[in-house]
Structures are given as structure tokens and as C-alpha cells.
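Listed here are the chains, written in short residue letters.
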Amino acid sequence: MKPLLKITDLHVSIEGKKILNGINLTINSGEVHAIMGPNGSGKSTLGNVLAGREEYTIESGSIEFEGEDLLSMDIDQRALSGIFLAFQYPVEIPGVSNSNFLKSIINAKRVFQGLPELNALEMLKYIRSKMIAIEMDENLLKRSLNDGFSGGEKKRNEILQMTLLEPKMAILDETDSGLDIDALRIVAEGVNQLRSPARSFIVVTHYQRLLNYIIPDFVHVLSNGRILATGDKTLAEKLEDQGYDWIREGNSVTP
Amino acid sequence: MAEQEKIMEQIDTAFHDLESGLNGKTGTPMHAFLKHAYSVLKQIEFPGRKHEDWKYTPVQRLMALPYKLPRTTAQYKVTELAGLESYIIPVLNGKTDVASLHPDLKTAGIKISMLQEAMEDTRLKSIFNKWLNPERPDSNQAFEFLNFTFQSGGFFLEIPKHLILEKPIEIHFIHDDPDVSFSHPLYFVHAGSGSSITLIERFEKNIASTVADQAGLINALGFYHLDHNASIRHIKWQDLPAAQSLVYKLALSQEKDSRFNSLGIDFGGETIRNNVEVELEGSNTYTSLQAGFLAQARQSMDHQTRINHKVPHCESHELYKGIIDGQASAAFNGKVYVHPDAQKTNAYQQNDTLVLSPHAVMNSKPQLEIFADDVKCSHGATIGQLDDKSMFYLMARGISAPAARHILKAAFLAQVLDSMEVEPLRDHIRSRMTLDI
Ligand SMILES: Nc1ncnc2c1ncn2[C@@H]1O[C@H](COP(=O)(O)OP(=O)(O)OP(=O)(O)O)[C@@H](O)[C@H]1O
Ligand SMILES: [Mg+2]
């Protein structure tokens, strides 16, 4: 079977500083990969590079998405093709109404798929149904996009966008941080409902707790821009217990 | 100055044309007024590049055109705004069309007098005489005296005491002529104590025009006076044809407890010069000047404001937001004077600009002169580009780069435009400026 995403020996730098130092990662359809690792190890960088953030310099390596060269695709084309990044720090955009924004992204996707745009009523119904599922306050539709949203509200808004766009490859960058315990469960349920043989996830997190809800197929440890260890969900439990110190290059637990 | 002489020569020709068209109406107070205005105009020069307040408006280039007096336009049409019910005052090529005024205005007690009549009414004359005779005319008033000199159809609008008008009054300013010409709208708005109105000024293209677009200059001058506790919500929407230019002045004086909320949007035209001058005569007034503009191609938009806090306990807010693209240029110069007696003044000024092209130019100059100690005053100016992080966020959701730029431009101006309460006009402006998502 052809992998959904294949990252080969990826080296990335920003402003002359090397951040990713040879990432190899293959993700098949339907898999959930958790990525853990110390602060500053390059987890968000990887997510941003997948989504197409232009500030980063790709020094070498390749990324294939459904067999195509992802690095040559524009940001919006990647999104339309099924890549979704739930931001660690969602951007606040005052003056853009959240509901208009959601409508635009849904219709952009539909146009790309050759489907007719939804009218105002259908749109509202669709958005509402997804909001109810993640218990999100409808008043947030009237507000400006993420503007003044609490940490948890922002994260829910990310999950809402994910459920509306139904991506093939979702990257959740610390979507659990800032969520209270109930919200964590609700968000995790949202993710689990989306799990399907046709959809894969990269879940970046610092806490094993999230992985009790979203059971990963693989857990990777990223450190200094390299994947040092790969295991199953028990690796996350061990990390929770013992921290990162015991992992050194060479004592890889890659199965 | 050779350029000045050339300008004055053309003006002289136009003035003689005007006089010969008076047909026996010479010797009237109106004619005397024109002659007086012209004699003052001849003594002052049009401001040049070196004039501190005019260096960003290409006055010499603007005045170099061989302006004639326009013919009379018979018919005009501007976009009808569904859902907007208002009283319309048409000003066509500088002349107020009294014939088409809405009878309800009269029923509501609103008086409109043509300037010619007002000239002969001692009561009205005493109100506006001081405006017509500034103490020491200088270059700053060149366009005012140009306006007076060619005055042929100004009007005086009186809002009676305590009148609260639900429907807005709209003034339509249209310039439409087969030749290169200028027109000089002049209007006085006198809001009686306790009155409350919404007044919309629309500078737009005549969509019923039968002639090709031609270069033209509208030199508009509006005097507003708010009596005790009067309130005006003022909107100016400028969407002129690309070859027309506008020199605009709004001179405002406010008495005790009055409120003036102004929202101006500039989009069309070639060279645009906006002057807003506010005299706070009575205490406890509120003044808000908000403006948004989009300057593209080779447009030039120059905003000058002056707020004179002369008495205590007044509050003024200014928010100017502009987007400049292409080879356009724009300026904002905001003067705020707080006189020694004007204690407890609150004066806030903010000017934010997005410069989207390497050839676009913005000049921003706050100028606060504060001579009282117990005041709250602040100013700020930012000049920037579209935010990368926001662009990335929108595009990472499948929005194309041009659409994302659109959304961010709209968002930038939304802070100003969203506060426009007249919804049909707001929607129209959004769609004209393609700021709707
Ligand atoms: N724009 C930038 N300019 C300079 N350095 C940057 C920039 N963006 C990221 N970095 C650096 O790259 C490194 C990796 O950052 P990244 O955000 O990918 O880490 P992370 O693993 O997501 O960390 P965290 O767990 O704290 O979210 C950090 O040292 C960071 O300071
Ligand atoms: Mg991170």
C-alpha cells in the first residue's frame, strides 16, 4: 500500500539556524502518530513545514503526500488537498467574522471538490451540527476570528474547522494544552469520531493523558530535530514516568 | 511665480465668463459677494510644495488644468440603495437643485434656502457672515475663496430646535460635464439645539451621464454648526470617477453638549484633499472623526484635520485607517490644539496604514500642541503590511492568496466601516470596494 505521507531525510532551517536534522516518517492511511519531545525540539516546525509556512528553508529531503511532491504545492493547495494543521497558537484576526470565515473555508473546499457552494441556511445547519458535537458556544460565531477567544475556545475553534473540512491528514499541534478536563475529553471524542481508514493524524502533545483518549498507533520522540525513538502507546507512558533523559541516540526503541 | 500666474489667468477668464452670464443680475448682494471673494483670492496664492500643510497635495498640477465653468446637468442618477429611505438634496455641478427637494423636509420643519436668498436675510446672514470673511486670508484659504468666487448655487440648511429626524438627509454631489471644468458646492448646516440628524454626503459618478468621463475638480466646502446639545451623525462617501479630483473642507463648530460623529470613506477620484477643521466653542462636547480609505493606481489622498480644544471638558477621537497600493500616495496630518483653558480635555488620535506596494507612499504626522496640564491626550501611528501569520492561517484553510489578501484588507477597514449605522450604504460601500468576503 502506498503511504499517505512520506517524509524522507528532511532538513529544515530558519534564519540560518538548523531546526530539523533529517526527519524520516511514513504515515499510512488510517494511522494515528503521536509526536512528543522537549520544548524547542522542532515539533511545531514540522507541522508548519507540512502546512507550507514559507519562512522555513528546506535544506534537503522530500515530502510526498499521496505520491505527490508536497513541497512544490502552495499553502492553500495543500489544505484543499487534505492537509490540516490545528495551530498550537491560532492566529487572532480582528475584523473577520468567525462565521464568514468558516463559510469561506467550507465553500473554498467544496468548489475545489467540484461541489456546489452551500447556501446560507445549509451552511448554518452544517456548522451548527458540528458545533453541537464539540459543545462549542454558538456565540463564538458572531465574534471576530479567534479575537479575544480564551485558550480553550481557540482550540475548540481549530477542532471545529477540522471537523468541517474533513481532512485526510490532520496535524494537531498541542491541541490539548489549554483545555480543561471536560474539553479535553470532548475534543478527543471529536477526533475519534473522525478516525477512519481514510484519515490519518499526527498528534503533537506533551501529555500522555491525551493519548488515553486518542490511542495512537505509534509514538515518536522528537529531539533536536530528529526522531530519536519510536514505539507504541507504552512509550508515552514510559516518557510520562521517566522523562526524556533516558533516550539517547543509539538506544532507539524503534520496533 | 509663473505657475501661480497661469492659474490666476485661467481663473480670471472663468470669472469673466461667470459675470457675463449674470444677465442683468449684476449689482445684487450676491454679485457683490462674488466680486469681493475674487478680490481676496487675487491677493493670495495657491499653496505650493513648500507649504507645510499642502506639500502632499499636488496643488500646482491640480490647478494647471484649464477649468471652465460647467454647463448645467439636466439629469442625474446614482446607485439606488435598497432599503435606504432618505431625504435627498441634489447638488449638480455645484448648483443645488431645489426643485426636486422632498416636500417632507418642509413638513418636518427643515428650512433650505438658496444662498442668494440667505444673503438677503439678515438673520441668516449674521450666522454665516463670519465664515465668509476670515480675518487674515492666506494660502490655506485659497480653495475657500475659489469656491466663494464661483458661487452659484450653495444652500443653507436649518434644522429646527429639538427636531429628531429618523430618516437621513442625503446630499448628492455630482460633477458631470463634457469639458474640463470645476464646480464649487457650498453648504451651511445649522443644527438647532437638541436636534438630531444623520447627514450623508455622497460624491459619486452620474450613472445617467451622456458624456464621456472628463477631468474635473469638485471644490466642496461645508460649514456645520451644532447648537447646544445638537447631534449629527455625518457620513461622507467618495466614489468619484477616476479622472475627477476633490478638494473638500468640512468646517465644524460645536456648542455646549453637542455631538458630532463623522465617518468618511474615500475610494474613487484622482487627487483627493480632505480638510476637517473643528472648533470646540462650548464645553462637554463629543467629536469623533473616523475615516477609511483605499488609494490605488496613481491616486493621491491627503487628509488634514485640526481640532481646536478651546474650552474645558471636551472629548475628541480620531481614527484614520488607510490602505495604499500601486503607485498611490497618501498623507495624514492631525493637528490637535489644547488651549490653556481647556482643562479635562480628552483627545485621542490614531492613524494606521497598510502599505501594500513598494511604490506606494504614506506620510503620517500627528501634531499635538497641549497647553493645559490636566488633560488626557494620546496619539499613535502605525505603517505596516499585511500580517504574514494571518495570511498563513487563512491559506492553511484553503483560501487562495488573493482572497486572503482581500479578507485582511477588509478586516483592516472593518474597524471603521463596521461602525456605520446606515446599513444599506455600508453594504454598498463594501461591495464597491470589494471588501465583502
Ligand atoms: N521564526 C523563527 N526564528 C528563529 N527561530 C525559530 C523560529 N521559529 C522557530 N524557531 C526555533 O526553532 C526551534 C524549534 O521550534 P518549534 O516551535 O518547532 O519547537 P516545538 O518542538 O514545537 O516546541 P514547544 O514544545 O515549545 O511547542 C526553537 O528553538 C525555536 O526557537
Ligand atoms: Mg510547538
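Every value quoted in this text rests on a predicted model; they were computed, and no experiment measured them. (Residues numbered from 1 in each chain as written. Chains lettered and ligands numbered in written order. Predicted model: local features only at pLDDT ≥ 70, side-chain atom pairs only at ≥ 80, totals over all residues. Heavy atoms only, no water.)

Novice: Teacher, can you tell me more about the packing of aromatic side chains here?
Specialist: Two aromatic rings are characterised by how far apart their centres lie and by the angle between their planes. Residues and elements named next belong to chain B. Counted under the stated rule, the structure contains 21 aromatic pairs over all chains. Pairing Phe 155 with Tyr 187 gives two aromatic rings, centres 5.9 Å apart and planes at 15 degrees, and the pair type is stacked. Of this pair, Phe 155 sits in strand E4 (residues 155–159) while Tyr 187 is found in strand E7 (residues 186–191), placing the two residues 32 residues apart along the sequence. Tyr 187 carries the same exposure label as Phe 155, and that label is buried. Summarising the aromatic geometry, the rings of Phe 188 and Phe 223 are spaced 5.3 Å apart at their centres and angled 10 degrees between planes, so their arrangement reads as stacked. Of this pair, Phe 188 sits in strand E7 while Phe 223 is found in strand E9 (residues 216–226), placing the two residues 35 residues apart along the sequence. Here the two residues Phe 188 and Phe 223 agree in accessibility, since each one is buried. Taken together, the aromatic side chains of Phe 155, Phe 173, Tyr 187, Phe 203, Tyr 224, Tyr 248 and Phe 260 make up a single cluster linked through ring pairs. The side chain of Arg 273 reaches across the aromatic face of Trp 54, ending 3.5 Å from its centre. (Phe/Tyr/Trp six-rings, centres within 6.5 Å; stacked < 30°, edge-to-face > 60°. Helix = DSSP H or I, 4+ residues; strand = E, 2+ residues; numbered from the N terminus. Buried < 20%, exposed > 50% of the residue type's maximum accessible area, 1.4 Å probe, protein only. Lys NZ or Arg CZ within 6 Å of the ring centre and 35° of its normal.)

Novice: Hey, could you run me through the coordination of the magnesium ion (ligand 2) in this one?
Specialist: Six octahedrally arranged donors around a metal ideally form angles of 90 or 180 degrees; four tetrahedrally arranged donors ideally form angles of 109.5 degrees. Residues and elements named next belong to chain A. Protein ligation of the magnesium ion (ligand 2) involves Ser 44 (OG) and Gln 88 (OE1), the donor distances falling in the range 2.0 to 2.1 Å. On the criterion of sequence distance, the pair formed by Ser 44 in helix H1 (residues 43–51) and Gln 88 in the loop between strand E6 (83–86) and strand E7 (93–97) is long-range, its members being 44 residues apart. Residue Gln 88 is classed as buried on the basis of its relative accessible area of 16%. (Donors = N, O, S within 2.8 Å, 3.2 Å for Na, K, Ca; no water.)

Novice: Any chance you could explain the sheet that holds strand E3 (residues 32–36) of chain A here in plain terms?
Specialist: Through backbone hydrogen bonds, the strands of a sheet pair up, either in parallel or in antiparallel fashion. All names here are of chain A. In space, the six strands of this open sheet follow the order E6-E9-E10-E3-E11-E12, with mixed pairing throughout. The open sheet has two edge strands with one neighbour each: E6 and strand E12 (226–231). Across the sheet, the mean angle separating the axes of adjacent strands is 20 degrees when strand polarity is ignored. (Pairing = 2+ DSSP bridges. Axes fitted to C-alpha atoms, helices over the stretch in contact; angles between N-to-C directions.)

Novice: For this particular structure, what's the right way to read the sheet that holds strand E10 (residues 231–239) of chain B?
Specialist: All names here are of chain B. Sheet architecture is open: 10 strands sit in the order E2-E1-E5-E8-E10-E12-E14-E16-E18-E20, paired in mixed fashion. Edge positions in the sheet fall to strand E2 (95–96) and strand E20 (376–384), since each of these pairs with one other strand and no more. Sheet topology note: the strand E1 (residues 87–92)/strand E5 (residues 169–174) ladder contains six bridges and is parallel. Note that in E5 the partner of Leu 92 across the bridge is Ile 174. Running at roughly 160 degrees to strand E16 (residues 315–324), helix H9 (residues 401–417) makes contact with strand E12 (259–266), strand E14 (286–295), E16 and strand E18 (346–355) of the sheet. The sheet strands contacting helix H10 (residues 423–432) are strand E8 (196–204), E10 and E12, and the helix crosses E10 at an angle near 25 degrees. (Contact = heavy atoms within 4.5 Å.)

Novice: I would appreciate a short explanation of the packing of helix H3 (residues 98–112) of chain A against helix H5 (residues 151–165) of chain A in the present structure.
Specialist: When two helices pack together, their arrangement is given by the angle between their axes and by how far apart the axes lie. Residues and elements named next belong to chain A. Across the interface, H3 lies against H5 with an axial gap of 10 Å and an inter-helix angle of 30 degrees. Considering the angle they form, H3 stands roughly parallel to H5. Of the two elements, H3 crosses H5, and the hand of that crossing is right-handed. From H3, Asn 98, Phe 101, Leu 102, Ile 105, Ile 106 and Lys 109 reach across to H5, where they touch Asn 157, Leu 160, Gln 161, Leu 164 and Leu 165. (Parallel < 35°, antiparallel > 145°, perpendicular 65-115°, else oblique. Left-handed = near helix turned anticlockwise from the far one by under 90°.)

Novice: What exactly am I supposed to notice about the site of ligand 1 here?
Specialist: All names here are of chain A. Contacts to ligand 1 come from 15 residues, most closely from Gly 40, Lys 43, Ser 44, Thr 45 and His 206. Here an oxygen atom of ligand 1 and a side-chain polar atom of Asn 39 are 3.0 Å apart. Between ligand 1 and the protein, one listed contact pairs an oxygen atom with a backbone N or O atom of Gly 42 at 3.0 Å. Coverage of ligand 1 by the protein chains reaches 68% of its 640 Å² of free accessible surface. Of the residues assigned to the shell around ligand 1, the class counts are three nonpolar, eight polar and four charged. (Near = heavy atom within 4 Å. Polar contact = N/O pair within 3.5 Å; in protein donor to acceptor, adjacent residues only side chain to side chain. Areas by Shrake-Rupley, 256 points an atom, 1.4 Å probe, with all protein chains shown as cover. Nonpolar A, V, L, I, M, F, W, Y, C, P; charged D, E, K, R; others polar.)

Novice: Teacher, can you tell me more about the pattern of salt bridges here?
Specialist: Pairs may arise between side chains of opposite charge once their charged atoms sit close together. Residues and elements named next belong to chain B. A complete count under the given rule lists 29 salt bridges over all chains for this structure. For Lys 236, the salt bridge is made with Asp 266, and the minimal N-O distance between the two is 3.3 Å. Here the residue Lys 236 occupies a position in strand E10, and Asp 266 occupies one in strand E12, the gap between them amounting to 30 residues. Given the relative accessible area of 2%, Asp 266 is considered buried. Here Asp 239 and Arg 432 are joined by a salt bridge, their closest N and O atoms 2.7 Å apart. Within this pair, whereas Asp 239 is found in strand E10, its partner Arg 432 is found in helix H10, the two being separated by 193 residues in sequence. (Salt bridge = Lys/Arg side-chain N within 4 Å of Asp/Glu carboxyl O.)

Novice: I keep staring at the interface of chain B and chain A and nothing clicks. Help me out?
Specialist: One widely used convention gives an interface's size as the accessible area the parts lose upon coming together. Listed by partner, the interface residues are 18 residues for chain B and 29 residues for chain A. A buried area of about 1,900 Å², summed over both sides, lies between chain B and chain A, and 72% of it is on carbon and sulfur atoms. With a shortest N-O distance of 2.7 Å, Arg 397 of chain B and Glu 158 of chain A are connected by a salt bridge. Those elements that provide at least two residues to the side of chain B that touches chain A are helix H8 (388–395) and H9 of chain B. No other element matches the seven residues that H8 of chain B contributes to the side of chain B that touches chain A. Residues of the side of chain B that touches chain A, tallied by class, amount to 12 nonpolar, three polar and three charged. (Buried area = accessible area lost by both parts, 1.4 Å probe.)

Novice: What am I meant to see in helix H8 (residues 233–242) of chain A here?
Specialist: Owing to its 3.6 residues per turn, the α-helix brings residues three or four apart onto one side. Residues and elements named next belong to chain A. Taken together, the buried positions of H8 are occupied by Leu 235, Ala 236 and Leu 239. Buried residues in H8, looked at end-on, bunch into an arc of 100 degrees, giving them a common side. The secondary structure elements touched by the buried residues of H8 are E3, helix H7 (208–213), strand E11 (218–223) and E12. Looking at the residues trailing H8, positive phi occurs at Gly 243, about 75 degrees. (Arc of directions from axis to C-beta.)

Novice: Sorry, what's going on with the domain arrangement of chain B here?
Specialist: All names here are of chain B. By domain assignment, chain B separates into domain 1 (2–282) and domain 2 (388–437). Placing a centre on the C-alpha atoms of domain 1 and another on those of domain 2 gives a separation of 32 Å. Counting residues at the interface gives 16 residues for domain 1 and 12 residues for domain 2. Across the interface of domain 1 and domain 2, roughly 1,200 Å² is buried in total on both sides, 82% from carbon and sulfur atoms. Inspection of the domain 1/domain 2 interface yields one salt bridge. The tally of links between domain 1 and domain 2 comes to one residue pair in polar contact (both at pLDDT 80 or more). Looking at the side of domain 1 that touches domain 2, the elements that each hand over two or more residues are E8, E10 and E12. Looking at the side of domain 1 that touches domain 2, the element that brings in the most residues is E10, giving four residues. Per-class residue counts for the side of domain 1 that touches domain 2 are nine nonpolar, three polar and four charged. (Domains from an automatic or database assignment.)

Novice: Would you take a moment to explain the pairing of E14 of chain B for this structure?
Specialist: Successive residues of a regular strand alternate their side chains across the two faces of the sheet. Residues and elements named next belong to chain B. With nine of its 10 residues buried, E14 lies for the most part within the structure. Judged from the eight bridges that link them, E12 and E14 form a sheet pairing that is parallel. Paired with Ile 265 across the bridge in E14 is Gly 292. As paired elements, E14 and E16 share 10 bridges and run parallel to each other. Of the residues in E16, the one forming a bridge with Gly 292 is Lys 321.

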